[in-house]
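Survey of secondary and tertiary structure
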Amino acid sequence: MTETVVVKQMFLDPSRCIGCRSCVAACRECDTHKGESMIYIDYIDRGHTVATSPTLCMHCEEPLAPCAQVCPAQAIFYGTYEERVEAGLGLQGAKPVNTFYFGRQRVRTRNYVVMTEEDDALDLMALLDEASLGKGSEVPQATAGRNVEQWVDAEAAGIPERAAPPQPWAPREPQPFTVPTSPIGSAGVHDSRGEQA
Amino acid sequence: MEEAMSADKGLFRRGQRQRETFDFHAGEVAPAHWKSDEAIDRYVPTHCCYCGVQCGMYLKVANGKVVGVEPREDFPLNHGMLCPKGATAYQTVNHPDRLLYPLMRRHGKEGPLERASWDEVLDTIVERFTAIQAEFGKDAVAIFSGSSMTNEKCYLMGKFARVALGTRHTDYNGRLCMSSATGANERSLGIDRAANPISDMLHADCIFVIGANVGECFPIVTSYLWQARDRGCKLIVADPRQTPTARTADLFLPLRSGTDSALLNGMLYVIIHEGLIDEAFIRERTVGWEETRAVAEQYPPERVARVCGLRPEAIIEAARLYGGAKAALIYTARGLEHQSKGVDNGVAAANLALSTGNFGRPGAGYGTLTGQGNGQGGREVGQKASQLPGCREIEDPEDRAYICSVWGIDEKDLPHAGYPATLMIPAMLRKEIRACYLLCSNPMVSLPDQHTAERALRGLDLFVVTDFFLSETAELADIVLPGTTWAEDEGTTTSLEGRVIKYNKAVEPPGEARTDWWIACELARRLGKERYFTFHSPREIFDELRLCTRGAKSDYWGITYEKIEEQNGVFWPCPSEDHPGTPRLYEERFGFPDGRARLHPIAYIPPAEEPDEAYPLILTTGRVIYHYLSGNQTRRTPFLKEMAPYPWVEIHERTANRLSVKDGDWVTVRTRRGETTAPALVVRSIRPDTLFIPYHYGHTQAVNQLTNPVLEPMLKIPEYKVCACVAVRAEQPPAWARDVDKATLEAARKRRHELPMAAAQPTPTFR
């Protein structure tokens, strides 16, 4: 004789975790162990990234684990596999943000996006160049700190700006601003100064 | 522990399959002392008292006390989700720090705050206010109000100032929060409200979050962001720090603080040059395109990138992602608004949305994520310096006449526009304002340039504060009135979507604490204005508010308490009782008489204070998830306090090396206005030229001792988000660190697994 089995499970997806500790706060509110949380949220490597990961007790079931109920990122999901797929979450994140290849191994991650200095960057794009892209796979997004550059002021960069001197506890007076006739601001000649900023 | 083993072993019982239990001790029944000791009498449906998301929750009431919280699955925004602030919000209700009776300094400013009776304090206030107004004019008394209270109270404070006191000067702490978004909305779109409900995120192909730390400040909104991304939506985040939201973004633009308008112009340049603009939309629904285009043409991404400190390719890619999306949303928040050009920044963001035709459709729009609980409602019900209820203009003759007819006063008795909150401080220093009634606000944490603000508040002839905890500001007051928490009164608030929702009363106020509206009515009675303040319940106030907003921009006329309950909130404008409300704005027309949106050319203005030799770094401030605004409530909640007990200085590894600062070292950060010392958190998740300090702390821990009080010209919002600073390693811990219990700090650090970084040193260095 056949029997219908409803298997509800805890699904964890650290890549979705925002480290908000909603689960920790909710767990403490559970009547069975009020004031004590059964969950830890750890920064994976705070020096390099704000990525966090929950560690659960995995004990709750019906009606609903408070941690899964409150999680605003759906990093903790309690339900059947079908419910999870239906919720668009899939297994291990249905649509990972970064897919890259390390040699022939396909790595999907949303978690370890690390902001690094240029000289020792985890250069996802460089890894990609050497990797064979699977058929139909998406090209990963360049993310994180590799977009950081040193800055220069507007004059050096050659974009128009309105001068506005600071006056503590007084509003900046709006100053008339007219559009220069030339499409490129004349300030562009100062470009070379930018390097020292 | 033996009991611990008898935890529900449900993990081993998959559904109904296995009847047997692997519990070795108590079988099915958990030991009694594991349950909370009190039987719950009632579950009161209400909303969270904290941020603008206003999640639905039930308060558990037992024996007339709030003892717990249960999320509301039925509220369509949070669906049972709660952030740590929401899950612990109920703990402020029975808090031992609650003020239970009025306090007064009977022996001058140096004397102690002593217990007094309500009659004594109210009579004193009325007597002193009357004397000051008789000697120095009506405008010598000011109202400094707030937005973390119900619409009814906000509305009543505006009316109280203008009718009972007759002063021009009434303003609120939203001035410090999102007032520049108001300016941008009014200049560009005509209606001061987010254009879309949050659920529109699920229809977007691209979401551009600029200057908003969604994961920490609006945690529940993250759910929608993540769900949208599960459906293939692209996320662009611009922020000088890697925030939890930025961490996984498809494109992260770690721009330099204060360069948002340059970035937005640069993106508009790319959108124009790649033909991604929506010409039909621009032609039919906007005005001012040519001028805007001419200015944007001067911001090529290569140059903008150098000002923003970004790679030009990143700006081009952002523009392509945003411009190429079928439906795209822009969300802004304090990062972009807390600047001396906050309105310009908002307008530049709206320009981007308008030029790509992203309005009036599901998943297309622009909006600010309002921070305060009732930040949206508080800014439209007439407690602002230049505003009458319903976003009516105080200088508009028609609006004045209408409001006077509702209030039953003579039009010439209605004061004109007064000082915004930030200009009250210099007015206090000039002795133009001599007395102030402050409620629902804590400027001694939240105002910039704290030392100046403190001088101003200390110099007042009479300073009255209503609060339910003795806040940093209340400590300076001559009279402190005990107020109520949100659980002790009913009333409506308006969430960041523009959805009017209702708090329900769970319990009676403790001790002699009274609601703000009762205090206002009582003061009005003693001021001889009783006939204008004959309210006996929030419902009566709301009915008058509805009438005041009838036909105005933010029209509440069709909203009733019953309808709010029935529909789980009503989006304004709602012009009649059979109108369902308006979740999405601008589907047909914009909020100007001709129905067209306005594009304004925006030129980049640099931050008021740029780094130089003496102050080489950029200081930016912000929030952490565990604290709400000035932290007056959340710093008293044990769990939240433990998670973030003190401020810290987030500093890039490279900068820290240059300053010989190790993780956990004490760092003194100094600006032209003041200095503060806090432990360093050495990370790579921030721009190397930028320091970050959370702002929720008071006294010597307040980062607002350092921030720049330069104001935005239109709406007078201070520039919290960028000023020049210098950092040095501190030789010894600051005084506040000597006061706190070292063991507590260590325990907190261990629990939080972060502060300071685990790898380097076990504790903040006390040496």
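Residues numbered from 1 in each chain as written. Chains lettered and ligands numbered in written order. Predicted model: local features only at pLDDT ≥ 70, side-chain atom pairs only at ≥ 80, totals over all residues. Heavy atoms only, no water.

**Things to note about the overall build of chain A**
Each helix and strand counted, chain A has five helices and six strands in total. N-terminal to C-terminal, the α/β element order of chain A is β-α-β-β-α-β-α-β-β-α-α. Within chain A, the proportion of its 197 residues that are buried is 48%. Across chain A, every contact between residues at least 6 apart in sequence was considered, and the portion connecting residues at least 24 apart equals 55%. Total accessible area computed for chain A in this model is approximately 10200 Å², and 54% of it derives from carbon and sulfur atoms. (Helix = DSSP H or I, 4+ residues; strand = E, 2+ residues; numbered from the N terminus. Buried < 20%, exposed > 50% of the residue type's maximum accessible area, 1.4 Å probe, protein only. Contact = heavy atoms within 4.5 Å. Areas by Shrake-Rupley, 256 points an atom, 1.4 Å probe, with all protein chains shown as cover.)

**Observations concerning the side chain of B:Q450**
Residues and elements named next belong to chain B. In this structure, Q450 sits in helix α20 (residues 450-458). In this structure the side chain of Q450 is engaged in a polar contact, spanning 3.1 Å, whose partner is the backbone oxygen of P443. Leave out the neighbours within four places in its chain, and Q450 touches P443, M444, V445, A702, N704 and Q705. (Polar contact = N/O pair within 3.5 Å; in protein donor to acceptor, adjacent residues only side chain to side chain.)

**A closer look at the pairing of strand β16 (residues 435-439) of chain B**
Residues and elements named next belong to chain B. The buried count for β16 comes to five of five residues, which makes it a mostly enclosed element. A two-sided burial pattern is seen for β16, the buried positions comprising A435, Y437 and L439 on one face and C436 and L438 on the other. Summarising the sheet, strand β6 (residues 141-145) and β16 pair through four bridges and their orientation is parallel. Residue I143 lies in a different strand from β16, and its bridge partner there is Y437. Examined bridge by bridge, β16 and strand β17 (residues 462-467) share five bridges and lie parallel to one another. Note that in β17 the partner of Y437 across the bridge is V464. (Pairing = 2+ DSSP bridges.)

**Regarding helix α13 (residues 312-324) of chain B**
With 13 residues, α13(B) extends 18 Å from end C-alpha to end C-alpha; this agrees with the ideal 18 Å at 1.5 Å per step. Regarding α13(B), the residues found buried are B:A314, B:I315, B:I316, B:A318, B:A319, B:L321, B:Y322 and B:G323. (Expected span 1.5 Å × (residues − 1).)

**Remarks on the sheet that holds strand β18 (residues 479-482) of chain B**
All names here are of chain B. In space, the seven strands of this open sheet follow the order β5-β4-β18-β17-β16-β6-β7, with mixed pairing throughout. Every interior strand has two partners, whereas the edge strands, β5 (113-115) and β7 (170-172), have only one. The mean angle between the axes of side-by-side strands here comes to 20°, regardless of whether they run parallel or antiparallel. Sheet contacts for helix α21 (residues 516-526): β16, β17 and β18; angle to β16, the most-contacted strand, approximately 150°. (Axes fitted to C-alpha atoms, helices over the stretch in contact; angles between N-to-C directions.)

**Brief notes about the packing of helix α18 (residues 421-429) of chain B against α20(B)**
All names here are of chain B. Remark: α18 packs on α20, axes separated minimally by 8 Å, with the N-to-C direction vectors making an angle of 60°. With respect to α20, the element α18 is oriented oblique. Helix-helix and strand crossings are classified by hand; for α18 and α20 the assignment is left-handed. Two secondary-structure elements touch here, α18 through I425, M428 and L429 and α20 through T452, A453, R455, A456 and L457. For the contact of α18 with α20, the class distribution of residues is six nonpolar, one polar and one charged. (Parallel < 35°, antiparallel > 145°, perpendicular 65-115°, else oblique. Left-handed = near helix turned anticlockwise from the far one by under 90°. Nonpolar A, V, L, I, M, F, W, Y, C, P; charged D, E, K, R; others polar.)

**A few points about the pattern of salt bridges**
Side-chain pairing between opposite charges can occur once the charged atoms of the two side chains come close. Residues and elements named next belong to chain B. Summed over the entire model, instances satisfying the criterion amount to 52 salt bridges over all chains. Ionic pairing is found between D461 and R434, a salt bridge with its closest N-O pair at 3.4 Å. With D461 in the loop between α20 and β17 and R434 in the loop between α18 and β16, this pair connects stretches of sequence that are 27 residues apart. Accessibility expressed as a relative area gives 17% for R434, which makes it buried. Salt bridges here are not isolated pairs; linked through shared partners, they connect D119, D123, E522, R525 and R526. (Salt bridge = Lys/Arg side-chain N within 4 Å of Asp/Glu carboxyl O.)

**Points about the nonpolar core**
Among the nonpolar cores identified, the biggest contains 128 residues, and B:F160, B:F208, B:L263, B:Y322 and B:Y437 are the most heavily contacted of them. Once residues lying within four places of it in the same chain are set aside, the contact partners of B:F160 are B:I143, B:L165, B:Y437, B:A520, B:L523, B:A524, B:L527 and B:F533. Counting 115 residues, the second-largest nonpolar core is a separate cluster that includes A:C20, B:L59, B:V69 and B:C233. (Core = buried A, V, L, I, M, F, W, Y, C linked by side-chain atoms within 4.5 Å.)

**Observations concerning the packing of aromatic side chains**
Residue and element names in this part refer to chain B. The full count for this structure, using the stated rule, is 16 aromatic pairs over all chains. For the pair F542 and Y556, a centre-to-centre distance of 6.5 Å together with 50° between the ring planes defines the contact as tilted. Taken as a pair, F542 in helix α22 (residues 538-549) and Y556 in the loop between α22 and α23 (561-567) lie far apart in primary sequence, 14 residues in all. The pair formed by F542 and Y556 is uniform in burial state, with each residue classed as buried. Both rings, one in Y586 and one in F590, keep their centres 4.9 Å apart while their planes meet at 25°; by these two values the pair is stacked. Residue Y586 shares its accessibility class with F590, and that shared class is buried. Ring pairs connect the aromatic residues F281, F359, Y586 and F590, which therefore count as one cluster. (Phe/Tyr/Trp six-rings, centres within 6.5 Å; stacked < 30°, edge-to-face > 60°.)

**A short note on the packing of helix α5 (residues 179-189) of chain B against helix α15 (residues 342-355) of chain B**
All names here are of chain B. Running from amino to carboxyl end, α5 crosses α15 at an angle of 45°, the nearest separation of the two axes being 8 Å. One element, α5, and the other, α15, form an angle in the oblique class. Considering how the two elements wind past one another, α5 and α15 form a crossing that is right-handed. The residues of α15 that touch α5, namely those facing S180, G183, A184, R187, S188 and L189, are G342, V343, D344, G346, V347, A350 and L354.

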